[in-house]
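Below are the chains, spelled out letter by letter.
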Amino acid sequence: MNKPSFEALPLAAPLHRALRELNYTTPSPIQTEAIPPQLEGRDVMGCAQTGTGKTAAFALPILHHLSLDPRRPRPGRARVLVLTPTRELAVQVGESFSKYGRHLRLSHALVYGGVSQHPQVKALRRGVDVLVATPGRLLDLLEQGCLELGGVEFLVLDEVDRMLDMGFIHDVRRISKELPAKRQTVLFSATITPEVQRIARDFVRDPVRIEISPDQPVVEKIHQQVCHVRGENKIPLLEHYIKTGSDAESSARTLVFSRTKHGAEKLSKKLNTLGIRSEAIHGNKSQGARQRALDLFRKGRVPVLVATDVAARGIDVKNITLVVNFDLPDVADTYVHRIGRTARAETLGHAVSFCDGTQIGDLRQIERYLGHGIEIDEGQPFHDGELMRSRPSASRGQPSHRRPGRGGFDPRRSRFGRGTPAGRGDRDRPARHYRKNPRS
Ligand code: AMP
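Note that the structure is a prediction, hence the values are computed from the model and not measured.

Novice: Any chance you could break down the overall build of the protein for me, citing the residues and the numbers?
Specialist: Counting its secondary structure elements, the protein contains 16 helices and 14 strands. Of the contacts formed within the protein by residues at least 6 apart in sequence, a portion of 78% connects residues at least 24 apart. As displayed, the protein has an accessible area near 19400 Å², and 50% of this comes from carbon and sulfur atoms.

Novice: Pulling in residues and values, what's your account of the sheet that holds strand S13 (residues 349–355)?
Specialist: In space, the 7 strands of this open sheet follow the order S10-S11-S9-S12-S13-S8-S14, with parallel pairing throughout. Looking along the sheet, the strands with just one partner apiece sit at the ends: strand S10 (278–281) and strand S14 (375–376). Two strands pair when backbone bridges link them, and strand S9 (residues 253–257) and strand S11 (residues 304–307) are joined in this way by 4 bridges, in the parallel orientation. Along S11, the bridge assignment pairs Val-256 with Val-306. Sitting on the sheet, helix H12 (residues 287–298) is in contact with S9, S10, S11 and strand S12 (320–325), with an inclination near 140 degrees to S10.

Novice: Kindly report on the confidence of the model for the protein, identifying the contributing residues and their values.
Specialist: Overall, the predicted model of the protein reaches an average pLDDT of 82, with 82% of residues at or above 70. Taken together, the stretch residues 392–425 has pLDDT below 50 and engages in 68 contacts with residues farther than four places along the chain or on a different chain. This stretch, residues 429–440, has a pLDDT under 50; its non-local contacts, to residues over four places away or in other chains, come to 37 contacts.

Novice: Go over the pairing of S12, please, and point to the residues and values.
Specialist: Burial runs high along S12: 5 of the 6 residues are buried. Taken together, the 5 bridges between S9 and S12 define a ladder with parallel strand orientation. Looking across to S12, one finds that Val-256 is bridged to Val-324. Relative to S13, S12 runs parallel, the two sharing 4 bridges. Bridge pairing in S13 places Asn-325 opposite Ser-353.

Novice: Talk me through the nonpolar core; I want residue IDs and the actual numbers.
Specialist: By size, the foremost hydrophobic cluster in this structure holds 39 residues, and its most contacted members are Leu-11, Phe-58, Leu-60, Val-82, Phe-97, Tyr-100 and Phe-188. Those elements giving two or more residues to this core turn out to be helix H1 (13–21), helix H2 (29–39), helix H3 (54–68), strand S2 (78–83), helix H4 (87–100), strand S4 (128–133), strand S5 (154–157) and strand S6 (184–189). Counting residues per element, this core draws most heavily on H3, which supplies 8 residues. Once residues lying within four places of it in the same chain are set aside, the contact partners of Val-82 are Phe-58, Val-93, Phe-97, Leu-131, Val-132, Ala-133 and Val-156.

Quick notes on the rules
Residues numbered from 1 in each chain as written. Predicted model: local features only at pLDDT ≥ 70, side-chain atom pairs only at ≥ 80, totals over all residues. Heavy atoms only, no water. Helix = DSSP H or I, 4+ residues; strand = E, 2+ residues; numbered from the N terminus. Contact = heavy atoms within 4.5 Å. Areas by Shrake-Rupley, 256 points an atom, 1.4 Å probe, with all protein chains shown as cover. Pairing = 2+ DSSP bridges. Axes fitted to C-alpha atoms, helices over the stretch in contact; angles between N-to-C directions. pLDDT = per-residue confidence, 0-100. Buried < 20%, exposed > 50% of the residue type's maximum accessible area, 1.4 Å probe, protein only. Core = buried A, V, L, I, M, F, W, Y, C linked by side-chain atoms within 4.5 Å.

Next comes the structure, spelled out in structure tokens:
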């Protein structure tokens, strides 16, 4: 069978030119499936994870349509609206539109919370072709009368499952009331739960449904290991991983996850004192500081980024060779989301999780969610076999690397799984039940 190629897709010439310059030759599976129906004007509902090329899967057909019908955007209006759950993802999507649309004369604006609204309002006043926004700030600006959504021709709802997790869906529904019924809508979600399907019923019309089950799902391209280590040895162990092996190569980037904002800050400072340049991103930092840290990491100026889950959402940085779960997440699917930051596009990745005595239960839950055990790194210098044996009685005697049975386990229940009592108030995770007035 012929390999699909971008040249075969009937995209406008300026888009083909941009793709050639970016060295994109082969569309990813989600692009192969999602682009043609959108070019025909169909709505699409796609199940795809970050890292599969889903941004180009919606940006290219939208840019194609705009290029065929060039019009000056009217003041206070946008022709395309992309809603994302996080600011970081909004920035990334905005960059993708600029990248793919570099030979088209189109404008785009970003609207998200945590920064002054004035520059955003100014950009909107002129009118924009593409508006990428998080729901909270967009709703604020709508309520203030700073923009009008009656001219939206294309709507994209990106990472809908995350929007649900973060409690944004009511804002999205309120925004949708302002949108014209005649529009093309694309919805992407990493998982299609019944809740996501309900949203889809209300937003997309007769959609082409696309579910990509890649030959090799992202997590299977990742070499996953768990380290049984005492809490006091976690920093020396992290130093060991960063300073040794292939992860010490100059192009390597290490993303370290901490459960708490305070923990992320402290760990980053400690690494710097050990001579390992690092930055931290978490919800206590201003948007500007987060973006600066991310840029330094992306450009390779600092090889290590310490992040909390919220701050890390939507990070797409090439060459993340190692993801370290300094603390295990207590929500099983967060584990998959975290380790998916490595092995982007066609590369392979490595993920290491540190498990101290208090986190054995979380490890078991993650393994049940994955449907298999995670390999134990017994060769690391701080390996503590005693901790391995101190797991709860229900799982005692079953080595972590053996494949546990699924036993009627419901991964959705794991969202509200137990956590370690320490540091809850410092958690950087705006789950719905923690937030009174979700605004991003
Ligand atoms: P996304 O899933 O949209 O976050 O994209 C993941 C990464 O893959 C981004 O860095 C894109 O620039 C890159 N990418 C997307 N599509 C292609 C493609 N067809 N060929 C090469 N790289 C791609």
